[in-house]
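Observations on the three-dimensional arrangement
Single-letter residue listing:
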Amino acid sequence: MFDFANQAYTLLIITVIYGDLFTRVIVGDGGDDYRLGNLLWSTALALSYLGVVATAPIFGAVMDYAAAKRRFLFLSYITTVAATAALYWVEPGYVVLGFVLIVISSYAYSMGEAFIAGFLPDIAGPREMGRVSGLGWSLGYIGGLFATAFTVLVLGEVSEENFDRIRWVGPFAAAFFLICAIPTFLWLRERGQARRLPAGRGYIRLGAERVGRTLRSLGYLRDLAVFMVSLLMAMSGLAIVIAYAFIYGAQVIGWDERARLIMFVVTQFSAAAGAIGFGLTQDRFGAKRTYMVTLVMWVAAILLIWLTPELTEALNRWLGTQWQAQYVFLTAGVAAGLALGSCQSAGRTLVGLFAPPGRAAEFFGFWGLATKLAAAGGLVGVGALQAAVGLQSAILLCAVLFAGAFLVALGVDEARGRARGQALVE
């Protein structure tokens, strides 16, 4: 249910609505292809992710030691809701206020992602972890479908003329998250046992010491370390796609509101199907194999996204048709959707399988570190690249990152990684 609830933030704020609103209306430098708005958007998200990098592993270690995962999760949830609701007061030209609220809300949301993932080994055994993780991602896309469909149909298009209605996207996303996550806090239980704090040491110092000890053990946990490098590259590409997919549709493809709505529905259903389907294959064929298949799918999807304008022209010339690029672009949306949830689900499952008993939150803190460090680097990179060569060419960076992640993942031995994680007991 937390996955169901928090997708309202991802889709409404990061992917579908507010990114487009911020770049084209709040900043609104259309004379320069929105390059300043795109750069500020990338920078805001990157700063929030760097905050996760600096704090997630330490907080994760503290949560394990103090059995405080539920309390940390609640704090991140309330902060996300408050900062997202406050986006209502960001008007055209209020660039600094919008920038700051995106940094705060994205940081709190991202920390919540890591905190909720830390519960996975508590509620699912190794043989069902992939299915449970995939089901969570799938429910997330269904929740996002409801939230975004309402927004698009009721609040209308992203434009300066419609600003008085579309500005409600922040409060609506906050309310959806607030209400739909209530079952999590009613029924999810803390399963760990709090330990007494050693004399003379605070939780932050203790957390830093535990993180340091974990880093020193990465030589033994070789497969986890190698996988984190692969994950860092994959999540860089994924962060770019999530942050820029609908911006790309508006700026490069030039779609209309009907095509944007169809794309959203198509990607949500394909992402939900991919998360469930690949979640089942994880338990049967292994999470690593599933993860690598999704990386190949991502490379193909990015190439299709990049080639959409040229491919449309070629098809119209060869077949004598008059297809529009915005509808050819839907094919890329299906391919990307199938790989979207399944890639993230398989990554979450592998971390859960490799994590030592009783230290899940700490290791998912490192998962949060890797994914958000990757996202920060990817967004800064694509922001600078698109400022130089334009968004269409810059999107090829994603294909390079997914291909690199595939090559690095070849060095991961899933069985050995699981065995060594189970053997590393405090």
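Scroll up to find the structure this text is about.
This paragraph deals with the packing of aromatic side chains. Applying the stated criterion across every chain yields a total of 18 aromatic pairs. Summarising the aromatic geometry, the rings of F2 and F185 are spaced 6.3 Å apart at their centres and angled 80 degrees between planes, so their arrangement reads as edge-to-face. Of the two residues, F2 is situated in helix α1 (residues 2-16) and F185 in helix α10 (residues 182-187); the sequence distance between them amounts to 183 residues. Summarising the burial analysis for this pair, F2 and F185 share the class buried. Ring geometry for F4 and F176: centres 5.8 Å apart, planes at 25 degrees, overall stacked. Note that F4 is positioned in helix α1 and F176 in helix α9 (residues 169-180), a separation of 172 residues in sequence.

Further remarks concern the nonpolar core. Ranked by size, the top nonpolar core spans 124 residues in total, and within it Y18, W41, Y291 and W298 carry the most contacts. Broken down by element, the residue count for this core peaks at 18 residues, all from helix α12 (residues 222-253). For W41, the contacting residues outside a window of four places in its chain are I13, I14, Y18, G19, F22, T23, I102, A243 and I247.

This part covers the side chain of S106. Position of S106 among the secondary structure elements: in helix α5 (residues 95-117). Here S106 falls in the buried class, since its relative accessible area comes to 1%. Beyond its immediate chain neighbours, meaning those up to four positions away, S106 contacts Y9, L45, S48 and Y49.

A few words now on a nonpolar patch on the surface. A surface patch of nonpolar side chains, amounting to about 700 Å² of accessible area, comprises F74, I78, L178, I179, I182, L186 and W187. For the nonpolar patch, the secondary-structure elements that each account for two or more residues are α4 (69-85), α9 and α10. Here the nonpolar patch takes three residues from α10, the largest share from any one element. Residue placement: I78 occurs in helix α4.

Moving on, we get to the pattern of salt bridges. It is possible for side chains bearing opposite charge to pair when their charged atoms get close. If you walk through the whole model with that rule in mind, you get five salt bridges. Put simply, R24 and D20 hold a salt bridge, and the shortest N to O gap is 2.5 Å. A residue pair is termed a helical-turn pair when its members lie 3 or 4 positions apart in one helix, as R24 and D20 do in helix α2 (residues 18-27) at four residues. For R222, the salt bridge goes to D223, with nearest N and O atoms at 3.9 Å. With relative accessibility at 39%, the residue R222 sits in the partly exposed group. According to the relative accessible area criterion, D223 is buried, its value standing at 2%. Each of E91, D164 and R167 takes part in a single network of salt bridges with overlapping partners.

For the rest of this paragraph, the subject is the environment of T148. Looking at where T148 falls in the secondary structure, it is placed in helix α7 (residues 129-155). Residue class for T148 comes out buried when judged on its relative accessible area of 0%. Spatially, the C-alpha atoms of T148 and L11 are 7.0 Å apart, while their sequence positions differ by 137 residues. Once you skip the residues sitting within four places of it in the chain, T148 turns out to touch L11, L12, V16 and F264.

A few words on the packing of helix α15 (residues 325-354) against helix α19 (residues 414-423). Contact geometry for α15 and α19: axes closest at 7 Å, N-to-C directions at 45 degrees. Here α15 is positioned oblique relative to α19, judged by the angle of their axes. Here L350, L353 and F354 of α15 lie close against α19, whose contacting residues are E414, G417, R418, G421 and Q422. In the contact of α15 with α19, the residues fall into three nonpolar, three polar and two charged.

So, about the environment of A388. Structurally, A388 is set in helix α16 (residues 360-389). Between the alpha carbons of A388 and R35 there is a distance of 9.0 Å; along the sequence they are 353 residues apart.

What follows concerns the packing of α12 against helix α14 (residues 287-319). As a packed pair, α12 and α14 sit with axes 11 Å apart at the nearest point and diverge in direction by 30 degrees. On the basis of the axis angle, α12 is roughly parallel to α14. With respect to the hand of their crossing, α12 and α14 are arranged in left-handed fashion. Of α14, the residues touching α12 (which contributes F227, S230, L231, A234, L238, V241, Y248 and I253) are Y291, L295, W298, I302, I305, W306, T308 and P309. Here the contact of α12 with α14 is built from residues that sort into 14 nonpolar, two polar and no charged.

For the rest of this paragraph, the subject is α14. In a regular helix each residue adds 1.5 Å, so 33 residues correspond to 48 Å; α14 covers only 41 Å between its end C-alpha atoms and thus falls short of that length. Most pronounced at T308, the bend in α14 amounts to some 65 degrees, and the proline P309 follows within four residues. Positive phi shows up at G320, right after α14, with a value of about 70 degrees.

What counts as what
Residues numbered from 1 in each chain as written. Predicted model: local features only at pLDDT ≥ 70, side-chain atom pairs only at ≥ 80, totals over all residues. Heavy atoms only, no water. Phe/Tyr/Trp six-rings, centres within 6.5 Å; stacked < 30°, edge-to-face > 60°. Helix = DSSP H or I, 4+ residues; strand = E, 2+ residues; numbered from the N terminus. Buried < 20%, exposed > 50% of the residue type's maximum accessible area, 1.4 Å probe, protein only. Core = buried A, V, L, I, M, F, W, Y, C linked by side-chain atoms within 4.5 Å. Contact = heavy atoms within 4.5 Å. Patch = residues over 30% accessible without salt bridge, like charges linked within 9 Å, V, L, I, M, F, W, Y side chains within 5 Å. Areas by Shrake-Rupley, 256 points an atom, 1.4 Å probe, with all protein chains shown as cover. Salt bridge = Lys/Arg side-chain N within 4 Å of Asp/Glu carboxyl O. Axes fitted to C-alpha atoms, helices over the stretch in contact; angles between N-to-C directions. Parallel < 35°, antiparallel > 145°, perpendicular 65-115°, else oblique. Nonpolar A, V, L, I, M, F, W, Y, C, P; charged D, E, K, R; others polar. Left-handed = near helix turned anticlockwise from the far one by under 90°. Expected span 1.5 Å × (residues − 1). Bend = angle between axes of the 7 residues up to and from the residue.

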